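Geometric and topological summary
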Amino acid sequence: MSDNDSRKDLRMPEEDEVFAIVTDMLGANRVTVRCMDGVERTARIPGKMQKRIWIREDDVVLVEPWDWQDEKADITWRYEKQDADQLREEGHIQE
């Protein structure tokens, strides 16, 4: 098996989403994220993800910045570790 056989088709950002890395846990379902567009935002973990998907520091997530307040965002997706590694290898995420 070659390396290409192990590649998964991952969920990519839609038009208003951006990749981000969780840098700090704030509590009250809020985290600080460093987005790939160069902005650090406070992101909210939505209710449908709170008890089902655990988010930790250094996780790669997709966030949707708010239209009316650019320094805030909602988390829409969390990548598993191997998926995040694949995104880094393909150059989608820069540390």
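Our structure's up above, just so we're on the same page.
Throughout what follows, the structure given in this document is the object of discussion. Keep in mind that this is a model prediction, so the values were computed, not measured. (Residues numbered from 1 in each chain as written. Predicted model: local features only at pLDDT ≥ 70, side-chain atom pairs only at ≥ 80, totals over all residues. Heavy atoms only, no water.)

1. Here we look at the sheet that holds strand β5 (residues 72-78)
With mixed pairing, the 5 strands of this closed barrel are ordered in space as β1-β2-β3-β5-β4. Ignoring strand direction, the axes of neighbouring strands in this sheet form an average angle of 55 degrees. When strand β2 (residues 30-35) meets strand β3 (residues 40-44), the two strands line up antiparallel, connected through 5 bridges. Paired with Val 33 across the strands is Arg 41, a residue of β3. (Pairing = 2+ DSSP bridges. Helix = DSSP H or I, 4+ residues; strand = E, 2+ residues; numbered from the N terminus. Axes fitted to C-alpha atoms, helices over the stretch in contact; angles between N-to-C directions.)

2. Focus on the side chain of Asp 83
In this structure, Asp 83 sits in helix α2 (residues 81-89). In this structure Asp 83 touches Lys 8 and Leu 10, once residues within four positions along its chain are discounted. (Contact = heavy atoms within 4.5 Å.)

3. Remarks on the packing of aromatic side chains
One pass over the structure, following the stated rule, counts 2 aromatic pairs. On the basis of an interplanar angle of 45 degrees and a centroid distance of 6.0 Å, the ring pair of Phe 19 and Tyr 79 is categorised as tilted. Here Tyr 79 lies in the loop between β5 and α2 and Phe 19 lies in strand β1 (residues 18-27), a separation of 60 residues in the sequence. Of the two residues examined, Phe 19 and Tyr 79, each falls in the buried class. (Phe/Tyr/Trp six-rings, centres within 6.5 Å; stacked < 30°, edge-to-face > 60°. Buried < 20%, exposed > 50% of the residue type's maximum accessible area, 1.4 Å probe, protein only.)

4. Looking at the pattern of salt bridges
Two side chains with opposite charge may pair up if their charged atoms get near one another. Under the criterion given, the structure shown has 6 salt bridges. The residue Asp 70 makes a salt bridge to Arg 41 at a minimum N-O spacing of 3.1 Å. Residue Asp 70 is located in the loop between β4 (60-65) and β5, and its partner Arg 41 is located in strand β3; the two are separated by 29 residues in the primary sequence. Residue classification places Arg 41 among the buried residues on the basis of a relative accessible area of 3%. Between Arg 88 and Asp 85 there is a salt bridge, with the nearest N and O atoms lying 3.7 Å from each other. Taken together, the residues span about one helical turn, with Arg 88 and Asp 85 both in helix α2 at a distance of 3 residues. The exposure class of Arg 88 is partly exposed, given its relative accessible area of 30%. Each member of the salt-bridge network shares a partner with another, and the members are Asp 37, Arg 41 and Asp 70. (Salt bridge = Lys/Arg side-chain N within 4 Å of Asp/Glu carboxyl O.)

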